[in-house]
Structures are given as C-alpha cells and as structure tokens.
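One-letter residues, chain by chain:
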Amino acid sequence: MATVSIPACTSALLLDIEGTTTPITFVKDILFPYIREHLEEYLSTHWEEDECKQDVHLLKKQIEEDMRQNRSCPVHTVDQTVHTDEEKAIREVMDNVLWQMAADRKSTALKQLQGHMWRAAYSSGRIKGEVYQDVIPSIKRWRGQGLKVYIYSSGSVEAQKLLFGYSVEGDVLDLFDGHFDTSIGAKVECKSYERIAERIGCQPEEITFLTDVTREAKAAEEAGVNVVVVVRPGNLELTDDERAHYDLVTSFSQLELTGRA
Ligand SMILES: CSCCC(=O)C(=O)COP(=O)(O)O
Ligand SMILES: [Mg+2]
C-alpha cells in the first residue's frame, strides 16, 4: 500500500470515528438499533431523573431552533395508546429522536441522549466498541514518535469514551490525549478546528485530521489543518475531484511522519 506523508510539523493527530477508526456498519447496525429498541423503556424509566430531564430540555431547545430555522420536523400523529401527559410527552420526545436518527442528524442534543443510553449497553458487555485492526497499532506508533492523539466525533465525548473504554481491543482510552464533540462546534465549520487547535495549545498547521467526510475535511483545511481522507468499506463514494484533491488512505498504517523515524 502506498504511504502518505504527514507534515514533519505535525504534533497532533485528530481522528474522526464513524467511517475512520470504526466501521459505519457498527454505528448503523449496532449502536442506532440499540437506541431504537430501548428508547421508550429508557425514557419511561429515567423520566424523572435530572440527567434525563436535561437531555429532554436540550432536545426541546433543538426543536425550537429547528422551527426558527424552518427546518422540517416530525409530524406528531395522535396516538390513542397514550393517556397521561407524561406518556404524551415521552411519545413526542421519541418521535423527535427517531426522526433525527432517520435523518442522521448530528445534533448535540441527540448525541448527548444517545451517549447516556449506550452506557448500559457497554457496561453490561452487550456492545463492544469496534475499531479497525490498523487503528490501535498505528496510534501506538504515532505516540512512540511523540505525537498527541485526539478524537473529534459527532458522537458525544461520553459515547467516544464508552466506545474506546469498552472496545474489542479492551480499554484503550489511555491512548488518547483528549476528546472533542459537537459542543465545540459542528464538524463542517472551520471555526471548530480553530477552537480545537486553541484547546490543544498548538497551531492548526500542526494538526493532521483524519476523516471520511470531505465536508469536514474542507472545513478543517480552511482552518489550516492538514487533512487525510479515510476510505473504508461502506463509506460514501468520493467524487473524482475529491479523489484528486485529498490524500487518501485505506489504512492508518499508510501514514508516515516525514522527517521522523
Ligand atoms: C462515538 S460512537 C457514536 C457515533 C455517532 O453517533 C456519530 O454520529 C459518529 O459520527 P462521526 O463524527 O464520528 O463520523
Ligand atoms: Mg465519520
């Protein structure tokens, strides 16, 4: 496999998760179906708890924002099976969460609730975080070369820590120097990468960002971050222009730090 050089000035790798460290199928076929299967039970069980109330509050603020932005939103069908105000309120939250997931929305509100729900799935051993075989050895190699390694995912920081804390390779959380999610900004916004560089304490040019999504790569490039697009099975097909523009890897093992052993 051809090697792809990353600049010698790189001091930090920033890694996306879905489609980059982890198969898209793990999110679509394992994580999301778990949410759909357990959503009603979870909301009914935790409805009066502060954490769940905060999640619901954030979702309602997202609904208000979507309405202000004239974004489409779920049509609430009159559900004869619900009788109490609480049941009605739970049904409305369920409608919105399932609608957001069907649209693969990356709202912080949705991702926060998902992270709270996946906690039980991981800690019970029902779900293990999937990572491609090339990921852990490459991260260990980069760290041996003095690089820092961070995660930037639409999944909440809690969801990230669950995935890598209960991964198929065991608890590998100690390989990461930090985690960012959309609370620092959307992944398709240039400013998010400027904020991440500031938070890490380096120049954007010192970061190399690995992602499967070219809209994210474009935003990172605009901030001065070096980017490599990761091509994994099931990822969205790239256009000819995208293939011509970006460095591409199918495995993290292809990445070589220029000017370092
Ligand atoms: C952290 S596991 C949950 C992943 C998730 O919900 C998601 O949307 C991943 O998006 P990414 O930005 O990592 O491609
Ligand atoms: Mg991704």
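Residues numbered from 1 in each chain as written. Chains lettered and ligands numbered in written order. Predicted model: local features only at pLDDT ≥ 70, side-chain atom pairs only at ≥ 80, totals over all residues. Heavy atoms only, no water.

If you look the chain up in an unreviewed UniProt entry, it shows as Enolase-phosphatase E1 from Sander lucioperca.

Visitor: Residues and numbers for the UniProt feature "binding site: Mg(2+)" (unreviewed entry) in the chain, please.
Guide: With numbering aligned to this structure, UniProt lists the feature "binding site: Mg(2+)" (unreviewed entry) at Asp16, Glu18 and Asp212. A maximum C-alpha distance of 7.8 Å places the annotated residues, which cover 197 residues in sequence, within one compact spot. If sequence neighbours within four positions are ignored, glutamate 18 has contacts with Ile24, Val27, Lys28, Lys106 and Asp212. Of the polar contacts made by the side chain of glutamate 18, one reaches the side chain of lysine 28; its length is 2.6 Å. Looking at the secondary structure, you find aspartate 212 in the loop between strand S5 (207–211) and helix H8 (214–222). For aspartate 212, a relative accessible area of 11% puts it in the buried group. If sequence neighbours within four positions are ignored, aspartate 212 has contacts with Asp16, Glu18, Gly19, Thr20, Ile24, Val229, Val230 and Asn235. (UniProt positions renumbered as here; feature names shortened; annotations may be inferred. Contact = heavy atoms within 4.5 Å. Polar contact = N/O pair within 3.5 Å; in protein donor to acceptor, adjacent residues only side chain to side chain. Helix = DSSP H or I, 4+ residues; strand = E, 2+ residues; numbered from the N terminus. Buried < 20%, exposed > 50% of the residue type's maximum accessible area, 1.4 Å probe, protein only.)

Visitor: Outline the environment of threonine 3, supporting the account with residue identities and numerical values.
Guide: Take threonine 3: it is sitting in the segment before strand S1 (4–6). For threonine 3, a relative accessible area of 52% puts it in the exposed group.

Visitor: Quick one: what's the story with the coordination of the magnesium ion (ligand 2), residue by residue and with numbers?
Guide: Those protein atoms acting as donors to the magnesium ion (ligand 2) are Asp16 (OD), Asp16 (OD), Glu18 (O) and Asp212 (OD), and they sit at 2.1 to 2.8 Å. Read from N- to C-terminus, the donor residues coordinating the magnesium ion (ligand 2) fall into the pattern D-x1-E-x193-D. Placement of aspartate 16 in the loop between strand S2 (12–15) and helix H1 (24–46) and of aspartate 212 in the loop between S5 and H8 is noted, with a sequence separation of 196 residues between them. With relative accessibility at 4%, the residue aspartate 16 sits in the buried group. (Donors = N, O, S within 2.8 Å, 3.2 Å for Na, K, Ca; no water.)

Visitor: Go over the UniProt feature "binding site: substrate" (unreviewed entry) in the chain, please, and point to the residues and values.
Guide: UniProt tags Ser153, Ser154 and Lys187 as "binding site: substrate" (unreviewed entry). Their sequence span is 35 residues, while the largest C-alpha to C-alpha distance among them is just 7.7 Å; these annotated residues converge on one region. Contact partners of serine 154, with chain neighbours within four places excluded, come to Lys106, Lys111, Thr182 and Lys187. Looking at the secondary structure, you find lysine 187 in the loop between strand S4 (178–180) and helix H7 (190–200). Excluding anything up to four places from it in sequence, lysine 187 contacts Asp16, Tyr152, Ser153, Ser154, Tyr193, Phe209, Glu216 and Ala219.

Visitor: How would you explain the environment of isoleucine 30 if you had to name every residue and give the values?
Guide: Along the polypeptide, isoleucine 30 turns up in helix H1. Isoleucine 30 sits 97 residues away from isoleucine 127 along the chain, and the two C-alpha atoms are 7.8 Å apart.

Visitor: Can you tell me about unusual backbone geometry, naming the residues and giving the values?
Guide: Within the chain, asparagine 70 stands out as a residue other than glycine whose phi angle is a positive 55 degrees. Topologically, asparagine 70 is positioned in the loop between helix H2 (50–68) and helix H3 (85–102). A relative accessible area of 70% places asparagine 70 in the exposed class.

Visitor: Residue-level account of the pairing of strand S3 (residues 148–152), with values.
Guide: Within S3, 4 of the 5 residues are buried, leaving the element largely enclosed by the surrounding structure. Here S2 pairs with S3 via 4 bridges, running parallel. Considered in S3, the bridge of leucine 14 is made with tyrosine 150. In this fold, S3 hands off to helix H6 (residues 157–165), which returns the chain to S4; that crossover is right-handed. (Pairing = 2+ DSSP bridges. Right-handed = clockwise from strand over helix to strand, strands pointing away.)

Visitor: A description of the site of ligand 1 should follow, citing residues and the corresponding values.
Guide: Near ligand 1 lie 16 residues; those nearest to it are Asp16, Lys111, Ser153, Ser154 and Lys187. Side-chain polar atom of aspartate 16 to an oxygen atom of ligand 1: 2.8 Å apart, as the coordinates give it. Lysine 106 is positioned with one of its side-chain polar atoms (N or O) 2.9 Å from an oxygen atom of ligand 1. Out of a free accessible area of 410 Å², ligand 1 has 98% covered by protein chains. Among the elements of the structure, H1, helix H4 (108–123) and H6 are those that each provide at least two residues to the shell around ligand 1. (Near = heavy atom within 4 Å. Areas by Shrake-Rupley, 256 points an atom, 1.4 Å probe, with all protein chains shown as cover.)

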